[in-house]
Amino acid sequence: MPSLSVTHALKAQPGSEATVRGWVRTRRDSKAGFSFIALNDGSCFDALQLVAPTALANYQSEVLHLTTGCSIEATGTLVQSQGKGQSVEMQVTSLRVLGMVEDPDTYPVSPKRHTMEYLRDFAHLRVRTNTFGAVARVRHCLAMAVHRFFHERGFFWVHTPIITASDAEGAGEMFRVSTLDSSTRPTPSSGTGLQPVSTPSSSSSSSHHPDFSQDFFGKEAFLTVSGQLNVETYACALSKVYTFGPTFRAENSNTARHLAEFWMIEPEIAFADIHDDMNLAEEFIKYLFKAALDERPDDMSFFNEHIDKTVIETLIKVIDSPFERVTYTDAVKILEQAIQKGKKFEYPVKWGANLQAEHEKHLTEEVFKRPVIVRDYPKEIKAFYMRLNDDGKTVAAMDVLAPGIGEIIGGSQREERLNVLDQRLDEMKLPKEAYWWYRDLRKYGTVPHCGFGLGFERLILACTGMQNIRDVIPFPRTPGNAKF
RNA sequence: UCCCCGAUAGCUCAAUGGUAGAGCGAGCGGCUGUUAACCGCUAGGUUCUAGGUUCGAGUCCUAGUCGGGGAGCCA
């Protein structure tokens, strides 16, 4: 008797016998001599309808007491359904209960509408719902597509470190990694303990001075905020590489788009400029969206019906149309024109200032109505490693803005000229010694290269139409919450 | 971190400063090749916490905790 997943059972030859296992979604009893059980095992969106006859030995004692969430194993014949709503169903010949729901009244995932906020408190059970099961499958599909995309194009996956003792990751607030005891514990006067390690150098000004030479790594260590600097070294030897792994930011960000622990994809390509970088980003996004539509039509149609009625249409539009490309300078002009026409922004538009979320939203949702790549930002508002343009004022940085999501990709051509890089380090008052190995890449056979970072969960948001990033990662970590 | 809003049954929400309610879910019964089933009955409450105002507080005031929306930071 073959054991089949529900997804295979639904495609089985009528008349074949099989055993299936899963969790009960609903049970309906018919006086015609049987009960209907919707069985889901997560292998696909749909449940398999079991038809359990009263003749089963345990019909009265067990089948009639099955409730949402019970785990069972059923054996029977897969047949064409006599009813509407499904093509295949199983005529059950034996049914074994693996685990009852002890008290159905306390089972948190009852068969009714639940809010995302409520289900977040039951992250261990929420994946049994339609929505979170679909998110999990699409997430997997996208992860596989990421690797396939790069593999097909000759990229190598590089496992950059999670722990970084190189105190040179740049800006961004980091989690400290330490085996020291009392010295790293917040003192009673140090407040909530939510304060991150803002930069390695600033920590020395705090009131207590842990002796990090005594710490595990012999120096301060942190969780990575980006694998970019490390992966650049591999790009400058293997030519086309990428990272895909967890990333940590200790920023006290409380939004639907930020996590303290998230997954990031960072390709890095040698012998390439900012235009190659933008082309790669565009091709990449389109490939991933297409993969979700092609490989998870069941889950995608659920999202389109219940989460965001325009998501499939939006994805198809993104796949079919070229991304708009605009320089920062032109973007500012467009925004200024919008203001002249009466558009009101909370924040002023001014060359030299960061584009605000409302500005990005206007560009991508109102002006172009599709993804927009903004490039060549003022050097003052971007990182030291971004390549200085010939105008001396801007750097070859690019952000991909997506409608409804905002910034989904941030990337740049890297500064490959040692003298210019050094000048930038000096301007930003960064210690050259700390970047010795990064500078070595420019000393020894330097090449133009570039890359970008894609927030994996933000990609999933865009792909599914889900609203909150906490609902597209299994166990979200955010300020004040590391449950489960 | 800043601004705004909220917290009442398992869930989603009502309730003019004056007896605590509905829908869904759950349990029981009925009906039905059913499928967000349908019909009936039943159970279910320290109204987030601590103070305060008042004859009387779910309702008003203060503080805190937690959650949501927006912003900043960013991916």
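The sections below set out a description of the structure shown in this document. Every value quoted in this text rests on a predicted model; they were computed, and no experiment measured them.

## Here's the deal with the packing of helix H4 (residues 228-238) against helix H11 (residues 436-443)
Packing of H4 against H11 leaves a shortest axis separation of 10 Å and a crossing angle of 30 degrees. Relative to H11, the element H4 lies roughly parallel. For the pair H4 and H11, the crossing hand works out as left-handed. Where H4 approaches H11, its residues Gln228, Leu229, Asn230, Glu232, Thr233 and Cys236 are matched on the opposing element by Trp437, Tyr438, Leu441 and Arg442. Among the residues forming the contact of H4 with H11, the class breakdown is 5 nonpolar, 3 polar and 2 charged.

## Examining helix H8 (residues 328-340)
Over its 13 residues, H8 runs 18 Å from end to end, which matches the ideal 18 Å to within 8%, given 1.5 Å per residue. Within H8 the residues assigned to the buried category are Tyr328, Ala331, Val332, Leu335 and Ala338. Projected down its long axis, H8 shows its buried positions confined to an angular sector of 120 degrees, all on one face. As for H8, its buried residues are in contact with strand S12 (324-327), helix H9 (357-367) and strand S13 (372-378). Of the residues one or two after H8, Gly342 is the one with positive phi, at around 110 degrees.

## Description of the protein's contact with RNA strand B
Not every one of the 52 residues close to RNA strand B is listed here, only the nearest: Asp29, Lys84, Glu89, His258 and Arg458. Take Arg249: an N or O atom from its side chain is 2.7 Å from a sugar or linking oxygen of RNA strand B. Elements with a contribution of two residues or more to the surface near RNA strand B: strand S1 (17-30), strand S2 (34-40), strand S5 (88-99), helix H2 (116-120), strand S11 (261-270), strand S15 (406-413) and strand S16 (449-455). Here the surface near RNA strand B is composed, by residue class, of 15 nonpolar, 21 polar and 16 charged.

## Regarding the pairing of strand S4 (residues 71-80)
With 8 of 10 residues buried, S4 is to be regarded as a mostly interior element. Here S1 runs beside S4; their pairing, made up of 7 bridges, is antiparallel. By the bridge assignment, Trp23 is partnered in S4 with Ser71. Note that S4 and S5 share 10 bridges and pair antiparallel. Of the residues in S5, the one forming a bridge with Gly76 is Val92.

## Some words on unusual backbone geometry
Of note, the phi angle at Phe271 is positive, near 60 degrees, even though the residue is not glycine. Positive phi, normally seen in glycine, also occurs at Lys429, with a value near 55 degrees. For Lys429, the position within the fold is in the loop between helix H10 (418-427) and H11. For Lys429, a relative accessible area of 73% translates into the label exposed.

## Looking at the environment of Leu95
With respect to the secondary-structure elements, Leu95 resides in strand S5. Placed 378 residues apart in sequence, Leu95 and Ile473 show a C-alpha to C-alpha distance of 34 Å. Apart from residues lying up to four places away in sequence, Leu95 is in contact with Ile37, Leu56, Asn58, Val63, Leu66, Ile72, Glu73 and Ala74.

About the cut-offs
- Counting restarts for each chain: residues are numbered from 1 in the order of the written sequence.
- Naming scheme: in the order in which they are written, chains are lettered from A and ligands are numbered from 1.
- Residues qualify for local features only when their pLDDT is at least 70, as the model is predicted, and side-chain atom pairs are given and counted only at 80 or more; totals for whole chains, interfaces and linings, by contrast, use all residues.
- Side-chain metrics in this entry use all non-hydrogen atoms of the structure; hydrogen atoms and water are not considered.
- Throughout, an axis means a line fitted to C-alpha atoms (over the contacting stretch in the case of helices), and angles, computed between N-to-C directions, take values from 0 to 180 degrees.
- Elements are defined by DSSP. Helices are runs of H or I of four residues or more, strands are runs of E of two residues or more, and each kind is numbered from the N terminus.
- Throughout, the term roughly parallel applies to angles under 35 degrees, roughly antiparallel to angles over 145, roughly perpendicular to angles from 65 to 115, and oblique to all others.
- Less than a right angle of anticlockwise turn of the near helix away from the far helix marks a crossing as left-handed, whereas a clockwise turn marks it as right-handed.
- Residue contacts follow a heavy-atom distance rule, with two residues in contact if any of their heavy atoms lie within 4.5 Å.
- Amino acids outside the nonpolar list (Ala, Val, Leu, Ile, Met, Phe, Trp, Tyr, Cys, Pro) and the charged list (Asp, Glu, Lys, Arg) are all regarded as polar, and Gly is one of them.
- An expected span of 1.5 Å times one less than the residue number is assigned to each helix.
- Accessible area is worked out with a 1.4 Å probe on protein chains only. A residue is then buried under 20% of its type maximum, exposed over 50%, and partly exposed in between.
- It is the directions from the helix axis to the C-beta atoms whose arc is reported.
- One heavy atom suffices: a residue is near a molecule or strand as soon as one of its heavy atoms comes within 4 Å of it.
- Residues adjacent in sequence count toward polar contacts only when both atoms are side-chain atoms; beyond that, a polar contact is any pair of N or O atoms within 3.5 Å, and within protein one must be able to donate a hydrogen and the other to accept it.
- Any two strands with at least two DSSP-identified bridges between them are counted as paired.

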